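Chain by chain, the residues:
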Amino acid sequence: MTTKKTSRLLSLDALRGFDMLFISGGGTFLVLLKGKTELPWLDTLADQLNHVPWNGFVFYDFIFPLFLFIAGVSLSYSLNKGLALGLTKSNLYKKVFIRMLILIGLGILYKNSPFPFFEPSEIRLGSVLGRIGFACFISTLLYLNFSKLRRVYWITGILIAYYAALFLIPVPGYGAGDLSFEGNLVGWFDRTFLPGRLKQGDYDELGLLTQFPALCITIFGSLAGDMLRSNATENKKTLTLVLIGVVAVIIGLIWNMHFPINKRLWSSSFIMLTSGLAFLILALFYYIIDVKGFKKWAFFFKVIGLNSLTVYLAYRFIDFSYTSSTLFGGLFDIFPEKWHEVFIAFGATALVWLFLYILYKKRIFIKI
């Protein structure tokens, strides 16, 4: 495994910040604008910021997969940096394993606040942070032991095996190949083997089986990271990312004809579509920021991206909406009441960014 000395990519930090802005609720004020204006395009934009109930795809369904992809890109850089510093594979395994456990713990705390200490059956085990930790740990094992091509084989094998399992393994009472909310294999498996509370009562999109197709996005990200670290020219790197992205999107759309694009099932077609889109948006950010040098506009997202875990947890445990209402309520009282929630949400986003900017200026970056 070759290591190329590469300066930190501003595009990667900016893309992470762009993604975290939506993951942490920064687009809430756009959602709240729906129906309050006479601008159809704004209502359409708001519709893109709510998950589809089952089959289908909107922009918001792309946000979490994009973060898994970015985690994989970062993994390529961090693992090679560790190897360059003389860390052994065992050291790296241990480090990423401990990180996984911490993320799982934080994820359980995040999804169960206030924590039901005396009602274990009400504890939800599936979480965004836990999924990131698991995906990064397994991707690390594969990264340190398999070539790029063999990692592609792993992705292919996992996605095809997942596809086959959902269509061939019969679910009691429903049979094989039932992809409905009630009758799919994923839901039955979690109801049978996953302790605690499931998100939708009898289904949890962050449960056990969906961990495996989801981690493929992180493996894809590690491959993208290797491309960016290579000695190829910047234009060739960009073109390679674009070509792979287009091919992956096409595969996802073709697969969708039999295995529907479904974020809650983390269907194989969904994995290919979102991975392809992730390659494309990474290429866009990389080309604009790091190749062409248009960097000033990216500062807003960089501030968020450098403290992604902080903003995710802060939005959960600090009531920025209350602070926004308290500080700015007197400014928007003159507007009709239906607009107040929009201004509160916008003010909360501004306060979060200011909080992160202060941390940035103090050089405080909370990482695991």
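Residues numbered from 1 in each chain as written. Predicted model: local features only at pLDDT ≥ 70, side-chain atom pairs only at ≥ 80, totals over all residues. Heavy atoms only, no water.

Engineer: Provide a residue-level description of the packing of helix α13 (residues 308-317) against helix α15 (residues 340-361), including the pertinent values.
Structural biologist: Closest axis-to-axis distance for the α13/α15 pair is 11 Å, and the angle between their directions is 135°. By the angle between their directions, the pair α13 and α15 is classed as oblique. You can see that α13 and α15 cross each other, and the crossing is right-handed. Contacts between α13 and α15 involve Thr-310, Val-311, Ala-314 and Tyr-315 from the first element and Ala-348, Thr-349, Val-352, Phe-355, Leu-356 and Leu-359 from the second. Here the contact of α13 with α15 is built from residues that sort into 8 nonpolar, 2 polar and no charged. (Axes fitted to C-alpha atoms, helices over the stretch in contact; angles between N-to-C directions. Helix = DSSP H or I, 4+ residues; strand = E, 2+ residues; numbered from the N terminus. Parallel < 35°, antiparallel > 145°, perpendicular 65-115°, else oblique. Left-handed = near helix turned anticlockwise from the far one by under 90°. Contact = heavy atoms within 4.5 Å. Nonpolar A, V, L, I, M, F, W, Y, C, P; charged D, E, K, R; others polar.)

Engineer: Go over the packing of aromatic side chains, please, and point to the residues and values.
Structural biologist: Within the structure shown, the criterion is met by 40 aromatic pairs. Geometrically, the ring pair formed by Phe-18 and Phe-59 is edge-to-face, given 6.4 Å between the ring centres and 65° between the ring planes. One end of the pair, Phe-18, is in helix α1 (residues 10-23); the other, Phe-59, is in the loop between α3 (40-47) and α4 (60-84), with 41 residues separating them in the sequence. You can call Phe-18 buried: its relative accessible area is 16%. Sitting above the plane of the Trp-266 ring, Arg-131 keeps its charged end 5.0 Å from the centroid. (Phe/Tyr/Trp six-rings, centres within 6.5 Å; stacked < 30°, edge-to-face > 60°. Buried < 20%, exposed > 50% of the residue type's maximum accessible area, 1.4 Å probe, protein only. Lys NZ or Arg CZ within 6 Å of the ring centre and 35° of its normal.)

Engineer: Can you tell me about the nonpolar core, naming the residues and giving the values?
Structural biologist: Here is a general trend for soluble globular proteins: nonpolar side chains tend to be buried in one another's company. Phe-69, Ile-132 and Leu-282 are the most contacted members of the largest nonpolar core, which has 98 residues in total. Take this core: its biggest share by element is 12 residues, from helix α11 (residues 268-291). With residues near it in sequence (within four places) discarded, Leu-282 still touches Leu-12, Leu-15, Phe-69, Val-73, Ala-224, Leu-228 and Leu-241. (Core = buried A, V, L, I, M, F, W, Y, C linked by side-chain atoms within 4.5 Å.)

Engineer: Can you explain the pattern of salt bridges? Please cite residues and give values.
Structural biologist: Per the counting criterion, the structure on display carries 9 salt bridges. Arg-124 is paired through a salt bridge with Asp-204; the nearest N and O atoms lie 2.8 Å apart. Residue Arg-124 is located in the loop between α5 (89-111) and α6 (128-143), and its partner Asp-204 is located in the loop between α8 (185-193) and α9 (211-229); the two are separated by 80 residues in the primary sequence. Measuring nitrogen to oxygen at the nearest pair gives 3.8 Å for the salt bridge that ties Lys-199 to Glu-205. The exposure class assigned to Lys-199 is partly exposed, which follows from its relative accessible area of 41%. For Glu-205, a relative accessible area of 3% translates into the label buried. (Salt bridge = Lys/Arg side-chain N within 4 Å of Asp/Glu carboxyl O.)

Engineer: A description of α11 should follow, citing residues and the corresponding values.
Structural biologist: Look at α11: 32 Å from first C-alpha to last across 24 residues, which is about the 34 Å you get at 1.5 Å a residue. Burial runs high along α11: 18 of the 24 residues are buried. (Expected span 1.5 Å × (residues − 1).)

Engineer: Please provide a residue-by-residue account of the packing of α5 against α13, values included.
Structural biologist: Packing of α5 against α13 brings their axes to within 10 Å, and their N-to-C directions diverge by 25°. The angle between the axes of α5 and α13 places the two elements in the roughly parallel class. Considering the relative orientation of α5 and α13, their crossing is left-handed. Mapping the contact onto sequence places Leu-106, Leu-109, Tyr-110 and Lys-111 in α5 and Leu-309, Tyr-312, Leu-313, Arg-316 and Phe-317 in α13. Tallied by class, the residues present in the contact of α5 with α13 amount to 7 nonpolar, no polar and 2 charged.

Engineer: How would you explain the environment of Leu-9 if you had to name every residue and give the values?
Structural biologist: Its place among the elements puts Leu-9 in the segment before α1. In this structure the C-alpha to C-alpha distance between Leu-9 and Ile-108, which are 99 residues apart in sequence, comes to 31 Å. If we ignore the near neighbours within four places in the chain, the residues touching Leu-9 are Tyr-77, Leu-228, Tyr-286 and Asp-290.

Engineer: Let's hear about the side chain of His-340: which residues, and what values?
Structural biologist: You can see His-340 is positioned in helix α15. With relative accessibility at 17%, the residue His-340 sits in the buried group. Among the polar contacts listed, one links the side chain of His-340 to the backbone oxygen of Phe-335, at a separation of 3.1 Å. Other than its neighbours up to four places away in sequence, His-340 contacts Phe-332, Asp-333 and Phe-335. (Polar contact = N/O pair within 3.5 Å; in protein donor to acceptor, adjacent residues only side chain to side chain.)

Engineer: Please give an account of the state of the cysteines that cites residues and values.
Structural biologist: Applying the stated rule across the entire model yields 0 disulfides. Summary of cysteine pairing: Cys-136 is not part of a disulfide, and the nearest cysteine sulfur, belonging to Cys-216, is at 14 Å. The class for Cys-136 is buried, based on a relative accessible area of 2%. (Disulfide = S-S within 2.5 Å.)

Engineer: Could you give me a rundown of a nonpolar patch on the surface, with the residues and numbers involved?
Structural biologist: A cluster of nonpolar residues, Phe-97, Ile-98, Leu-101, Ile-102, Ile-104 and Ile-368, forms a patch on the protein surface that exposes about 460 Å² of accessible area. By the secondary structure assignment, Ile-368 is in the segment after α15. Since its relative accessible area comes to 38%, Ile-368 is described here as partly exposed. (Patch = residues over 30% accessible without salt bridge, like charges linked within 9 Å, V, L, I, M, F, W, Y side chains within 5 Å. Areas by Shrake-Rupley, 256 points an atom, 1.4 Å probe, with all protein chains shown as cover.)

Engineer: Which residues make up the environment of Ile-318, and what values go with them?
Structural biologist: Counting through the fold element by element, Ile-318 comes out in the loop between α13 and α14 (320-332). Relative accessible area serves as the criterion here: at 40%, Ile-318 is assigned to the partly exposed category. Spatially, the C-alpha atom of Ile-318 lies 9.6 Å from that of Val-352, the residues being 34 residues apart in sequence.

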